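# An overview of the molecular structure
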Amino acid sequence: MAQRRHRAGAAQRARPTRGLRAGEDVRPMTETVAGPHPLAPEWLRPLTDSAALEDKLFPADAHRDDQGRLVLGGVDVETLAAQHGTPLYVISEDDFRSRARAFVEAFSEAFAPETDVDVFYAGKAFLSTHAARWAAEEGLCVDTASGGELAVALAAEVEPARIGLHGNNKSDAEIVRALKAGIGRIIADSLDELARIDQLARSAGVTAPVMLRLTPGVHASTHEYIATAHEDQKFGLSLTPSSDADTDQENPYAGSPAWSAVEHALAAEHIELRGLHCHIGSQIFEPEGFEVAAAKLIGLLGRVRARHGVELPELDLGGGHGIAYTEADSPRHPRQIAQALAGAVRTACDAEGIEVPRISIEPGRAIVGPAGVTLYRVGVQKDVQVDGPSGETLSRRYVAVDGGMSDNARGVLYDADYSAVLAGRKVTGNHVLSRIVGKHCESGDIVVRDVYLPTTTARDDLLAVPATGAYCHSLSSNYNLLARPAVVAVKDGASRVLIRRETEEQMLRRDTGFAAQD
Ligand SMILES: *Cc1c(COP(=O)(O)O)cnc(C)c1O
């Protein structure tokens, strides 16, 4: 069916372009598209009103002013670009804060009155001292996954008791630093690490608050979850008994790495086992995967009580809450996830006859992702001939911008889709299927794979790529020795720099051949 639709579309496309308005810039070989382009993915809607912003992709305070310019946090993008240069990461502080608050409110309400919920902002999505403070001021804790992230959270003066430390291969130095700072919890990832934490805590003369990261055999991504017995991944401790373990009628987890870890942690003198943790994936839209994982971990909590008479006080259900990167994505409000999850947790706890533990979650992208927009300037444009689905010759417009995979690696890493709009002026004219690419020496350097842009898009126009607040700056690199862009926050009509743009001099300073000259 899909194939046939494509062909019908292609036949229409063979007609000359039509419906152009007077004065419109029509380039040779450019197709001005009225219906879907045969090279476009099915979800991509041909734009009817390109001035409109898709609400779910942009910060809540985004709009276009009467000159058609995109305005973020009360500042128009041409002003932002003039003040701070491009590429530029822009984060709406109000949007970040309101998404953070929405998680706290939704989960606290859903789990009341039985228990409290701690929302940990997953700092790896985007971390700066300001962002950590925003999270803390909105009542969130902060998760870190390395010494560097921990250093930023501590520098932001986040209360140490409200910081967590993750990682599958923490160094001794990282563990000691966490212990000495008095952070709230270390999430242990292996038996080996548990033993090291115990030893290091003994040397430091402290007791380490520990959660165990378990792999419940539930992988979730976007619309579905997959349940597997064995998880072939580096993180966590499996709930599946090892093949040579004796079966135990009363405890299906006996002989699993998770069970051994619980017993080791309970016996360890310098560990205070706070509870169990899991993180089942990313970009998850539906609650089912979280529900299944929660039920499994609560099953284990029940066995721990039956065997050891201990009710572990905490349960962390991880992050991974999905966001809209393109119009095809329809994430749920945190309230819907929270209510479904609270129902599943209550049912499972009733079945085990245990109290509902204190719950924590760890959203990252769902807080900062939609709050962020990346601004680029258009440079070279090229129309490239491409073979269509039925052998016809089609044209795709390549629009090159002044950044690329160094400021947004998600396309290269995950084949991630994004969307974009012409941002600096009124949108006029028809649209052409375009691919926004960077300036790096890689053909895979694609920022937005498929988007309809106005045919009038020209050099120096500003493009805005929404939903880039998470995992763009934090994954940025210096590839091709491009300086990493600045991150600015916008709020109430003003912008301020959160992270300065890198300079060539800073890059050269790392080079001893250069440093030797001064
Ligand atoms: C990455 C990560 C998160 C955050 O994931 P998001 O998709 O940004 O919500 C939370 N917890 C752990 C353990 C992670 O590794």
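Residues numbered from 1 in each chain as written. Predicted model: local features only at pLDDT ≥ 70, side-chain atom pairs only at ≥ 80, totals over all residues. Heavy atoms only, no water.

Attention now goes to the UniProt feature "binding site: pyridoxal 5'-phosphate" (unreviewed entry) in the chain. In this structure's numbering, the residues bearing the UniProt feature "binding site: pyridoxal 5'-phosphate" (unreviewed entry) are G320, E362, P363, G364, R365 and Y471. Among the structural elements, P363 can be located in the loop between β16 (358-361) and α11 (365-368). Judged by relative accessible area, which is 1%, P363 ranks as buried. Structurally, the position occupied by R365 is in helix α11. If we ignore the near neighbours within four places in the chain, the residues touching R365 are A125, S282, Q283, H321, I323, Y325, P370, R410, A470 and Y471. (UniProt positions renumbered as here; feature names shortened; annotations may be inferred. Helix = DSSP H or I, 4+ residues; strand = E, 2+ residues; numbered from the N terminus. Buried < 20%, exposed > 50% of the residue type's maximum accessible area, 1.4 Å probe, protein only. Contact = heavy atoms within 4.5 Å.)

Next up on the list: the sheet that holds strand β1 (residues 63-64). Pairing is antiparallel across the open sheet formed by three strands, whose spatial order is β1-β2-β3. Single-partner strands in this sheet number two, and they are β1 and β3 (75-76). (Pairing = 2+ DSSP bridges.)

Another point: the packing of aromatic side chains. How two aromatic rings sit relative to each other is given by the distance of their centres and the angle of their planes. Taken as a whole, this structure holds five aromatic pairs when the rule is applied. Where F96 meets Y121, the ring centres are 5.2 Å apart and the plane angle is 70°; that geometry is what we call edge-to-face. Highlighted residues: F96 in helix α3 (residues 93-111) and Y121 in strand β5 (residues 117-122), separated in sequence by 25 residues. When sorted by exposure, F96 lands in the same class as Y121, which is buried. Where F107 meets F111, the ring centres are 6.5 Å apart and the plane angle is 15°; that geometry is what we call stacked. Here F107 and its partner F111 are both found in helix α3, four residues apart, which amounts to about one turn of the helix. (Phe/Tyr/Trp six-rings, centres within 6.5 Å; stacked < 30°, edge-to-face > 60°.)

Tallying each qualifying case throughout the model produces 35 salt bridges. One salt bridge connects R101 with E138, and the closest N-O pair in it is separated by 3.0 Å. A residue pair is termed long-range when its members are at least 10 positions apart, and R101 in helix α3 and E138 in the loop between α4 (129-137) and β6 (141-144) qualify at 37 residues. Across the pair K170 and E193 runs a salt bridge whose closest N-O atoms are separated by 2.6 Å. Highlighted residues: K170 in the loop between β7 (163-165) and α6 (172-181) and E193 in helix α7 (residues 191-204), separated in sequence by 23 residues. Residue classification places E193 among the buried positions, given a relative accessible area of 1%. Three or more residues joined by partner-sharing salt bridges are found here, namely E93, R97, R101, E137, E138 and R496. (Salt bridge = Lys/Arg side-chain N within 4 Å of Asp/Glu carboxyl O.)

Of all residues adjacent to the ligand, which total 15 residues, the nearest are K124, G320, E362, R365 and Y471. Within the side chain of E362, an N or O atom sits 2.7 Å from a nitrogen atom of the ligand. If the ligand stood free it would expose 390 Å²; the protein chains cover 91% of that surface. Class assignment of the residues belonging to the shell around the ligand gives a composition of three nonpolar, eight polar and four charged. (Near = heavy atom within 4 Å. Polar contact = N/O pair within 3.5 Å; in protein donor to acceptor, adjacent residues only side chain to side chain. Areas by Shrake-Rupley, 256 points an atom, 1.4 Å probe, with all protein chains shown as cover. Nonpolar A, V, L, I, M, F, W, Y, C, P; charged D, E, K, R; others polar.)

Attention now goes to the packing of α6 against α7. Taken N-terminus to C-terminus, the directions of α6 and α7 make an angle of 50°; their axes are 10 Å apart at the nearest point. In this view, α6 runs oblique relative to α7, as classed from their interaxial angle. Relative to α7, α6 is oriented so that their crossing is right-handed. Between α6 and α7, the contacting residues are D172, I175, V176, L179 and K180 on the first element and E193, R196, I197, L200, A201 and A204 on the second. Each residue belonging to the contact of α6 with α7 can be placed in one class, and the counts come to seven nonpolar, no polar and four charged. (Axes fitted to C-alpha atoms, helices over the stretch in contact; angles between N-to-C directions. Parallel < 35°, antiparallel > 145°, perpendicular 65-115°, else oblique. Left-handed = near helix turned anticlockwise from the far one by under 90°.)

Moving on, we come to the pairing of strand β4 (residues 88-92). Most of β4 sits inside the fold, with five of its five residues counted as buried. In β4, alternate side chains face the same way, and those of L88, V90 and S92 on one face and Y89 and I91 on the other are all buried. The sheet contact formed by β4 and strand β17 (residues 372-387) spans four bridges and is antiparallel. Among the inter-strand pairings, V90 is bridged to a residue of β17, identified as V373. Here β4 pairs with strand β23 (residues 486-491) via five bridges, running parallel. By the bridge assignment, S92 is partnered in β23 with V490.

The omega torsion of the bond from T86 to P87 falls at -10°, within 30 degrees of zero and hence cis. You can see P87 is positioned in the loop between α2 (77-84) and β4. Here the bond from A112 into P113 is cis, since omega is 0°, no more than 30 degrees from zero. Considering the arrangement of structural elements, one finds P113 in the loop between α3 and β5.

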